[in-house]
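Chain by chain, the residues run as shown.
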Amino acid sequence: MQDGTLIKVKDLKTYFFLDEGVVRAVDGVDFSILRGQTLGVVGESGCGKSVTARSILRIVPKPGRIVGGEITLHRSVNEKDRLAMTDVVTLTDLDPMSREIRSIRGHEIALVPQEPMASLSMVHTIGDQIMEAILLHQKVGKAEARQKAIEMLDLVGFPQPKQRVESYPYQLSGGLRQRAVIAMALSCHPSLLIADEPTTALDVTTEAQILKLMRSLQEELGMAIMYITHNLGVVAQMTERVIVMYMGKVVEEGDVDTIFHNPKHPYTSALLRSIPRLGMKARDRRRLESIRGTVPDPYSIPKGCPFHPRCSQRIEGVCDEQEPPNIQVEPGHKVRCVLYDSRSSG
Amino acid sequence: MAEQAKAGIIEFPVEEDDLQKAGEKTYVAPPWKLMWWRFRKHKLALFSAAALIVFYFVAIFCEFVAPYDPNQALIQFKQVPPTLIHIRDAEGRFQFPFIYQHRRTMDTETFEITYLEVPSEGSYPIEFFVQGYQYEFMGFWESDLHLFGVPAGADQQGIFLLGTDRLGRDMFSRISYGARLSLSMGMISVFLSLALGVVLGGISGYFGGTIDTIIQRLIEFIRTIPTIPLYMTLSAALPVDWPVERVYFGITLIIAIVGWTYLARVVRGRFLAMREEDFVLAARLSGSSEMRIILRHMVPSFLSYIIAALTLNIPNMILAETGLSFIGLGLRAPAISWGVLLQEATNISSLMLAPWVLTPSFAVVISVLAFNFVGDGLRDAADPYAR
Amino acid sequence: MFRYIIRRLVLMIPTFFLISIVSFVALQLPPGDYLTSYAAQLSSMGETVDQEAIESLRERYGLGEPYYVQYSKWVYGILVRGDWGQSMEWQRPVSQLIWERLGLTLGLAVFSLVISWLIAIPAGVYIATHQYSIPDYLMSAFSFMGIGVPAFLWALIIMYFAQTQLGLNVGGLFSEKFLDAPWSWAKVVDLLRHIWIPCVIIALVNTAGELRTTRANLLDELNKPYVELARAKGLTESKLIWKYPVRIALNPFFSTVGWSLANRISDITLMSVVLSLETTGPMQLRALTSQDMYLAGSFLLLLSVLVVVGTLVSDILLAWVDPRIRLEE
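What you see is a predicted model; the values in this text were computed from it and never measured.

S.K.: Outline the overall build of chain C, supporting the account with residue identities and numerical values.
M.R.: Along the backbone of chain C there are 16 helices and two strands. Taken along the three principal axes of its C-alpha coordinates, chain C extends 85 × 55 × 35 Å. Looking at chain C as a whole, 50% of its 329 residues are labelled buried. Counting contacts in chain C only where the partners sit at least 6 residues apart, residues at least 24 apart contribute 73% of the total. Roughly 15,200 Å² of accessible area belongs to chain C as shown, and the carbon and sulfur atoms make up 66% of that amount.

S.K.: Explain the overall build of chain A to me, using residue names and the numbers behind them.
M.R.: Within chain A, the secondary structure is distributed over 11 helices and 12 strands. For 346 residues, the compact-globule estimate of 2.2 N^0.38 gives 20 Å, and the C-alpha radius of gyration of chain A, at 21 Å, lies within 12% of that figure. Along the longest, intermediate and shortest principal axes, the C-alpha atoms of chain A span 70 × 55 × 45 Å. Contacts spanning at least 24 positions in sequence make up 63% of the contacts within chain A whose residues lie at least 6 apart. As presented, chain A carries roughly 16,200 Å² of accessible surface, and 49% of it is formed by carbon and sulfur atoms. Computed over 43 positive and 42 negative side-chain charges, the inter-centroid distance for chain A is 3 Å.

S.K.: Let's hear about helix H6 (residues 134-148) of chain C: which residues, and what values?
M.R.: The end-to-end C-alpha distance of H6(C), which contains 15 residues, comes to 21 Å, matching closely the 21 Å that a straight helix rising 1.5 Å per residue would cover. Along H6(C), the residues classified as buried are C:Asp136, C:Phe142, C:Ser143, C:Gly146 and C:Gly148. On its buried side, H6(C) packs onto helix H14 (360-382) of chain B together with helix H5 (94-129) and helix H8 (185-222) of chain C.

S.K.: Could you give me a rundown of the interface of chain C and chain B, with the residues and numbers involved?
M.R.: In this assembly, 42 residues from chain C lie in contact with 37 residues from chain B. In this structure, B:Asp376 and C:Arg212 form a salt bridge, with 2.5 Å as the shortest nitrogen-oxygen distance. At the boundary of chain C with chain B, the tally comes to four residue pairs in polar contact (both at pLDDT 80 or more). For the side of chain C that touches chain B, the secondary-structure elements that each account for two or more residues are helix H1 (2-28), H6, helix H7 (151-166), H8, helix H13 (257-275), helix H14 (280-289) and helix H15 (293-321) of chain C. For the side of chain C that touches chain B, the class distribution of residues is 29 nonpolar, 11 polar and two charged.

S.K.: Quick rundown of a nonpolar patch on the surface? Include the residues and the values.
M.R.: Residue and element names in this part refer to chain C. A cluster of nonpolar residues, Val 110, Val 114, Leu 118, Ile 119, Trp 196, Val 200 and Leu 204, forms a patch on the protein surface that exposes about 590 Å² of accessible area. Looking at the nonpolar patch, the elements that each hand over two or more residues are H5 and H8. By residue number, the principal contributor to the nonpolar patch is H5, which donates four residues. By secondary structure assignment, the location of Val 114 is in helix H5.

S.K.: Describe in detail the sheet that holds strand E5 (residues 123-125) of chain B, supporting the description with residues and values.
M.R.: Hydrogen bonding along the main chain pairs the strands of a sheet, whether they run parallel or antiparallel. All names here are of chain B. Spatial ordering of the open sheet is given by E1-E2-E5, a layout of three strands whose pairing is antiparallel. Across the chains shown, the open sheet's two edge strands, defined by having one partner strand only, are strand E1 (86-88) and E5. With strand direction ignored, the average angle separating the axes of adjacent strands in the sheet is 50 degrees. With two bridges joining them, E1 and strand E2 (residues 94-100) adopt antiparallel strand pairing. Looking at the pairing, His 86 lines up with Phe 98 of E2.

S.K.: So what about the sheet that holds strand E6 (residues 109-112) of chain A? Which residues, and what values?
M.R.: Residues and elements named next belong to chain A. Read across the open sheet, the eight strands follow the order E6-E7-E8-E3-E9-E10-E12-E11; overall the sheet is mixed. Looking at which strands have only one partner, the edges of the open sheet turn out to be E6 and strand E11 (326-330). Across the sheet, the mean angle from the axis of one strand to that of its neighbour is 20 degrees, orientation sign disregarded. Two strands pair when backbone bridges link them, and strand E10 (residues 249-255) and strand E12 (residues 333-336) are joined in this way by two bridges, in the antiparallel orientation. Each bridged residue has a counterpart across the sheet, and for Glu 253 the counterpart in E12 is Lys 334. Along the sheet, helix H1 (residues 49-57) makes contact with strand E3 (38-42), E6, strand E7 (192-196), strand E8 (224-229) and strand E9 (241-246), crossing E8 at roughly 145 degrees. Contacting E3, E7 and E8, helix H8 (residues 204-221) runs over the sheet at an angle of about 155 degrees to E8.

S.K.: Describe the packing of aromatic side chains, with residues and values.
M.R.: Residues and elements named next belong to chain B. Applying the stated criterion across every chain, the model contains 19 aromatic pairs over all chains. Plain terms: the ring middles of Phe 77 and Phe 160 are 5.1 Å apart, the flat faces sit at 50 degrees to each other, and that makes the pair tilted. With a gap of 83 residues between them, Phe 77 in the loop between helix H5 (62-65) and E1 and Phe 160 in the loop between strand E7 (141-149) and helix H6 (171-207) connect regions that are remote in the sequence. Phe 160 shares its class with Phe 77; the two are buried.

S.K.: Explain the pattern of salt bridges to me, and be specific about the residues and the numbers.
M.R.: Residue and element names in this part refer to chain A. Enumeration according to the criterion identifies 31 salt bridges over all chains in this entry. Glu 44 serves as the salt-bridge partner of Arg 310, at 3.4 Å between the closest nitrogen and oxygen. Taken as a pair, Arg 310 in the loop between helix H11 (266-273) and E11 and Glu 44 in the loop between E3 and H1 lie far apart in primary sequence, 266 residues in all. By relative accessible area, Glu 44 is classed as partly exposed at 23%.

S.K.: Give a detailed account of the confidence of the model for chain A, specifying residues and quantitative values.
M.R.: Chain-level pLDDT for chain A is 84 on average; 92% of the residues reach the 70-or-more range. Averaged over each element, pLDDT in chain A is lowest for strand E5 (residues 85-90) of chain A (75) and highest for E3(A) (93).

S.K.: Summarise the packing of H5(C) against H15(C); cite the residues concerned and give the values.
M.R.: Residues and elements named next belong to chain C. Look at H5 against H15: their axes get within 11 Å of each other, and the N-to-C directions meet at 35 degrees. Crossing angle aside, the handedness with which H5 passes H15 is right-handed. Across the interface between the two elements, Val 94, Leu 97, Ile 98, Trp 99, Leu 102, Thr 105 and Leu 106 of H5 pack against Tyr 294, Leu 295, Ser 298, Phe 299, Leu 302, Leu 303 and Leu 306 of H15. Split by residue class, the contact of H5 with H15 holds 12 nonpolar, two polar and no charged.

S.K.: Give me the lowdown on helix H7 (residues 209-224) of chain B, citing residues and values where you can.
M.R.: Taking 1.5 Å of rise per residue, the 16 residues of H7(B) would be expected to cover 22 Å, and the 23 Å separating its terminal C-alpha atoms lies within 8% of that figure. Those residues of H7(B) that sit buried are B:Asp212, B:Ile215, B:Gln216, B:Ile219, B:Phe221, B:Ile222, B:Arg223 and B:Thr224.

S.K.: Would you mind going over the nonpolar core in detail, with residue names and values included?
M.R.: Counting residues in hydrophobic clusters, the biggest one holds 167 residues, and the most contacted among them are B:Leu183, B:Trp338 and C:Met271. When residues of this core are assigned to their parent elements, the largest contribution, 14 residues, is made by helix H11 (residues 290-326) of chain B. With sequence-adjacent residues up to four places away left out, B:Leu183 is seen in contact with B:Phe55, B:Tyr56, B:Ala59, B:Ile318, B:Trp338, B:Ser367 and B:Phe371. Counting 78 residues, the second largest nonpolar core, distinct from the first, contains A:Leu94, A:Leu111, A:Ile150 and A:Met184.

S.K.: Tell me about the pairing of E9(A), and please be specific about residues and values.
M.R.: Residue and element names in this part refer to chain A. Most of E9 sits inside the fold, with six of its six residues counted as buried. Burial along E9 is two-sided: the residues Arg 241, Ile 243 and Met 245 and Val 242, Val 244 and Tyr 246 are all buried. Pairing analysis gives four bridges linking E3 to E9, with the strands arranged parallel. When the sheet's bridge partners are listed, Val 41 is paired in E9 with Ile 243. Pairing between E9 and E10: six bridges, direction antiparallel.

S.K.: Account for the confidence of the model for chain C, naming residues and giving values.
M.R.: Of all residues in chain C, 91% attain a pLDDT of 70 or more, and the chain-wide mean is 82. The least confident element of chain C is helix H2 (residues 34-44) of chain C, whose mean pLDDT is 64; the most confident is helix H9 (residues 225-232) of chain C, at 92.

S.K.: Account for the environment of A:Gly40, naming residues and giving values.
M.R.: Residue and element names in this part refer to chain A. Mapped onto the elements, Gly 40 comes out in strand E3. Each C-alpha atom, one on Gly 40 and one on Val 295, is 21 Å from the other, the two residues being 255 residues apart in sequence. Gly 40 has contacts with Tyr 227, Thr 239, Arg 241, Val 242 and Ile 243, leaving out every residue within four places of it along the chain.

S.K.: Please provide a residue-by-residue account of the pairing of E10(A), values included.
M.R.: Burial analysis of E10(A) places six of its seven residues in the buried class, which makes it a mostly covered element. Here E9(A) folds back onto E10(A) in antiparallel fashion, the turn holding two residues, of which A:Met247 has a positive phi close to 50 degrees.

S.K.: Which residues make up the state of the cysteines, and what values go with them?
M.R.: Residue and element names in this part refer to chain A. Applying the stated rule across the entire model yields zero disulfides over all chains. In this model Cys 311 remains outside any disulfide bridge; the closest cysteine sulfur is found in Cys 337, 6.2 Å from its own. Unpaired in this structure, Cys 319 has its nearest cysteine sulfur neighbour in Cys 305, at a distance of 6.1 Å.

S.K.: Requested: an account of the packing of H8(C) against H13(C), with residues and values cited.
M.R.: Any two packed helices are characterised by how steeply their axes cross, that is the angle between the axes, and by the distance between the axes. Residue and element names in this part refer to chain C. Relative to each other, H8 and H13 sit at 140 degrees, their axes nearing to 10 Å. Our classification of the angle between H8 and H13 gives oblique. Between H8 and H13 lies a crossing of right-handed hand. When H8 is examined against H13, the residues Pro 198, Ile 201, Ile 202, Ala 203, Val 205, Asn 206 and Glu 210 are found in contact with a partner set consisting of Ser 260, Asn 263, Arg 264, Asp 267, Ile 268, Met 271 and Leu 275.

S.K.: Describe the side chain of B:Ser235, with residues and values.
M.R.: Residue and element names in this part refer to chain B. Structurally, Ser 235 is set in helix H8 (residues 227-236). Under the relative-accessibility criterion, Ser 235 is labelled buried at 1%. Those residues in contact with Ser 235 that lie beyond four places of it in its chain are Ile 251, Ile 254, Leu 324, Leu 329 and Arg 332.

Cut-offs used in this document
Residues numbered from 1 in each chain as written. Chains lettered and ligands numbered in written order. Predicted model: local features only at pLDDT ≥ 70, side-chain atom pairs only at ≥ 80, totals over all residues. Heavy atoms only, no water. Helix = DSSP H or I, 4+ residues; strand = E, 2+ residues; numbered from the N terminus. Buried < 20%, exposed > 50% of the residue type's maximum accessible area, 1.4 Å probe, protein only. Contact = heavy atoms within 4.5 Å. Areas by Shrake-Rupley, 256 points an atom, 1.4 Å probe, with all protein chains shown as cover. Rg over C-alpha atoms; globule rule 2.2 N^0.38 Å. Lys, Arg positive; Asp, Glu negative; His and termini not counted. Charge placed at Lys NZ, Arg CZ, Asp CG, Glu CD. Expected span 1.5 Å × (residues − 1). Salt bridge = Lys/Arg side-chain N within 4 Å of Asp/Glu carboxyl O. Polar contact = N/O pair within 3.5 Å; in protein donor to acceptor, adjacent residues only side chain to side chain. Nonpolar A, V, L, I, M, F, W, Y, C, P; charged D, E, K, R; others polar. Patch = residues over 30% accessible without salt bridge, like charges linked within 9 Å, V, L, I, M, F, W, Y side chains within 5 Å. Pairing = 2+ DSSP bridges. Axes fitted to C-alpha atoms, helices over the stretch in contact; angles between N-to-C directions. Phe/Tyr/Trp six-rings, centres within 6.5 Å; stacked < 30°, edge-to-face > 60°. pLDDT = per-residue confidence, 0-100. Left-handed = near helix turned anticlockwise from the far one by under 90°. Core = buried A, V, L, I, M, F, W, Y, C linked by side-chain atoms within 4.5 Å. Disulfide = S-S within 2.5 Å. Parallel < 35°, antiparallel > 145°, perpendicular 65-115°, else oblique.

What follows is the structure in structure tokens.
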């Protein structure tokens, strides 16, 4: 396939097998990420976005595991042929502890997690932790690895990287720590960067800086980013394409402009309406809108469309009975809702 | 209505969520109930708690449970092995539990003296709620009722569930009496240390600063001294001519001297964690006095931890008393505690003839393990996230 | 780091001071003037009492004078003359009697500590990563045996079985011929042959608790984000477990070396009485029951000092291993 696809996720199902029952964290998810593209993954807590990311990296913690579907990584092999051939690796077929997947982790696909403080080891220097990734995936010596680590720190805007490379995480501020984590993730020039709410734990000013950094790095390095967040404002700034997830399924996917200006799924519209807008005049007396109800208990997902109990447009007898099909409303824009099913009535 | 239409909100009835109702039950349950529910899940802890109840029953009613006077030396039954209880007779029929007549015989070839059953000479059924030797329950109520016994004369046969020692004293009776002193001492010691531990730990954690540092240093210092050598030194100072009760109290006090540090640490930890909690701030802002804040707000929330810590500390105290008495620096004969009983097992030659004098160790091990399991269960129930 | 050590050393001084006071108080507790009863004992045995010798002893240790005088004389004697007092019962200076025993006690404690760590850490890591497996349950059972049965009971049981089943006498740390002999290679070998049983008992009794601690600590750490990120970098499971969470989970071990030593010395004391080992236990017991005060007091003092030194070592180890502490100074 030479269409620029980097990652293709097909019908991914990742379930958690607990004493209390089975949680279907990811329940039939499809999407693709193209080379160099930024994909936003949006949804409330518990909708399965983080589990999806971890499924790609095959680090889903026990008692969870992938029970179905396929994830493929499409590498472009440039060396031998002048025609860029792609080498397809089926990530879901690999053993999670195998050498192959480990050579992909941190190398071709890297992770930037949420809390920088908790994601770095307290008793190792940031230099050590960055070098570890470099030494693991590149055939270089220690001195060269150290040099590269310093270069990475410089790249991510670290002040005085040569001196700071020996510092411990607790000596750095939150923003600097997150930069260090980003440096660590980028150290081996991944083709895909999975950013799992990387700025949620940071204050707004630092967040802006980190977002700016990520955008410029993406341009410079040409890597794809899978940006997971529940913050729609960030999605608007950072992404090209968006998938909206709810209860383990993708309910809508499309270009960022389409999603923001022409949302089709009731959930997406409700999410967009719930963003507080600056400049709302007091005399309009508009209430802050929220979506009625709460996310259902994962052990008892309602029959039919998972969103129907909270949906203002649900159709009795249909939405609580059948699972809605995934409809392509226009090219590049899909919705999982019966409202757009031309075959059904209304 | 018009406004709502403008906003695009469509009204619809809010759904009841049954599951939410079930969850509510958990929200309104008082803390002790929550704790009990969580505790119930630990089968091992429940089982141990039951075992402890049995042990404490024996401790309280030891005169009733013991078939024989623990101090009475039944000379003809010296170093007798545990009596076997049978439920099938010679013909294989099921009978109510009984024992056979035993005789000491000498093997004509090896000249070994053995104690054997002689079914032909008779069997004695085990009876419950029998008359036995006289005793004074708790020192004032006279009775001669015993839990079980056999209808045999004192010279004929006895039911020695755990054998007898070198003086012919029934081990089961002695261990039962020993339970009273060993188990009570653990409890009392722990309550003594509770007072000291809660007060000092509370002050330390609540006020912080210099006084916290001082108390912490003190605790560290006390724990630097190895406990048994310290206990030995202190208890050697107790005059030899003191009556048993005074010695008992002295030992209890000595053990509490180090024991309180453990509790103080737990209390302090809890106070430190709670000081920062918002509900304390709220109480303070609403004008409550410090004392009221401590008593009404903080104490209930750490009560469960304290109970767990107390329970976990009791086995240390039981082991301390047992160890001290075992080497002769704790309780001494004629007082009966498990440690005192075990001291008699140190005589190797008599131990070899009657190894069942080691049976008090089972009592010690079981109670120590039981307290540990129950304490673990309580601690997990108090806070499932704490270690 | 250096400053950290110096500070710790300086803090040890008041601790030593306090310990000496506690020991002195403990010394004084038994009623009666020691020397008078000693003299009475001597004369009742038919020995002549050398009044001059008694007087010089009285003078040297300040007996009969106010407590602070006695105390200062005692401490002065220790610090300046290396004079730990006279053992009335053995009729020898205390210093002649205690050092070897103290050394053996410390040796046993440290040796068992090392063995415990060698077992508890790898085993703890294994069962934390393989929860609910058979080894996990076996280790739990083992833990319970260690927690429920104290060292002196194990000693008693082992002694009984060794005697009846194997006809072996497992008491003592030396064979007859080496007891009073000077140290030699052969004596060391003899010691090693005898010491392994008490060592194993103490090690196992304490390993049980340490195993549970390692397991609990590690389980706490294993779910943390830094472990996940290490995995996401592509490290092998075993490498990342040992490099990251185990490192952190070990911190409590380092910080409790002192307390662990105190516990072990305690266990050793009781166990030594059962097994008649030539450590401090039996001699301290005897000294206490016969009111040989300087001997008894010196034991308490020195054992506590050992623990304080052990705490210093653990503080240094902790600082070496955890940069947060090291760099804070």
